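# Examining the three-dimensional arrangement
Here are the chains, one letter per residue:
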There are 2 protein chains.
Amino acid sequence: MKKKSEIPECIQKCGVEYAFKRIGGKYKGRILWHLGLQKVLRYGELSRTLPDITTKMLTQTLRELEDDKLIIRKMYHEVPPKVEYSLSDTGWELMPFIEHLHNWGKKQLETESVGPAAGS
Amino acid sequence: MKKKSEIPECIQKCGVEYAFKRIGGKYKGRILWHLGLQKVLRYGELSRTLPDITTKMLTQTLRELEDDKLIIRKMYHEVPPKVEYSLSDTGWELMPFIEHLHNWGKKQLETESVGPAAGS
DNA sequence: CGGAATCCACGGCGATACTG
DNA sequence: CAGTATCGCCGTGGATTCCG
């Protein structure tokens, strides 16, 4: 049995708690963000897009996202193997907010570091 | 001594990374959410609103949020002591995001509960 | 190519006790 | 009332190796 994000009943009322558990990991936001931008990405492409994520974490995070029905994993039984990841409908519902967050983050970065504001 | 792979600064400037670091803690989202609802809350009120947070974590999280200029700490030098927390302007900019996240989370909870009744 | 498996370091976080 | 301080667990995530 897979241990996916479990939610203590007493806190469910918040919804924020729940949402953060599903997208609040260290990398989930970025993965969702890039999937939202590129529509569909292969494992290797994700790995290259997010070079600081180890294969373990990438796989693990993708599994959790898939488990939570936020992304779709499409596997081709070929040689060489090929796996494509894309957002599910539920995942797409998050994009406006992640985009909002992205803009907010960029704005904060520029505001706080007047210096080397290397563009996104 | 092994050199820990440094993260090129050019990578995670996507803003999402930054934003998640700011609000991605275990409790930050909920604290911001409740501050957004109640406008202003005292330390004890926050503690009662979020009973599962220890004083240590509450204080620590509030400090980080204050450090990040997301909330404002207003202290009254009285006896007994009194401290009020509220959202800063920057913090308020996040509310649309958190609010929608809240709605999304609630919706997911409902969908999930009527969905696969795989009792856990 | 796209993982899975293992080992391990770190720090987030909880529990508890104390303070101004 | 509103914190601080200390100890320590354990989950998160990193590095590395192996597999279909």
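Scroll up to find the structure.
A brief look at the structure comes next. (Residues numbered from 1 in each chain as written. Chains lettered and ligands numbered in written order. Predicted model: local features only at pLDDT ≥ 70, side-chain atom pairs only at ≥ 80, totals over all residues. Heavy atoms only, no water.)

Quick look at the interface of chain A and chain B now. Taken together, the contact between chain A and chain B spans 42 residues of the former and 38 residues of the latter. Across the chain A/chain B interface, buried area totals approximately 3700 Å², and carbon plus sulfur atoms make up 72% of it. On the chain A side of the interface with chain B, the three residues burying the most area are Phe20(A), Leu101(A) and Trp104(A), jointly 19% of the side's total. The salt bridge involving Arg30(B) is made with Glu17(A); its shortest N-O contact spans 2.7 Å. At the boundary of chain A with chain B, the tally comes to five residue pairs in polar contact (both at pLDDT 80 or more). Of all elements in the fold, only helix 1 (16-23), helix 2 (28-38) and helix 5 (89-112) of chain A reach the threshold of two or more residues within the side of chain A that touches chain B. Take the side of chain A that touches chain B: its biggest share by element is 15 residues, from helix 5 of chain A. (Contact = heavy atoms within 4.5 Å. Buried area = accessible area lost by both parts, 1.4 Å probe. Salt bridge = Lys/Arg side-chain N within 4 Å of Asp/Glu carboxyl O. Polar contact = N/O pair within 3.5 Å; in protein donor to acceptor, adjacent residues only side chain to side chain. Helix = DSSP H or I, 4+ residues; strand = E, 2+ residues; numbered from the N terminus.)

Let us look at the sheet that holds strand 2 (residues 71-76) of chain A. Residues and elements named next belong to chain A. Read across the sheet, three strands follow the order 1-3-2 without closing on themselves; strand pairing throughout is antiparallel. Strands with a single pairing partner mark the edges of an open sheet, and in this sheet they are strand 1 (40-42) and strand 2. Each adjacent strand pair in this sheet contributes to an overall mean axis angle of 25 degrees, direction not counted. In this structure, strand 2 lies alongside strand 3 (residues 82-87), joined through six bridges in antiparallel fashion. Across the sheet, Lys-74 pairs through a bridge with Glu-84, a residue of strand 3. Along the sheet face, helix 4 (residues 55-67) touches strand 2 and strand 3 and points at about 115 degrees away from the line of strand 2. (Pairing = 2+ DSSP bridges. Axes fitted to C-alpha atoms, helices over the stretch in contact; angles between N-to-C directions.)

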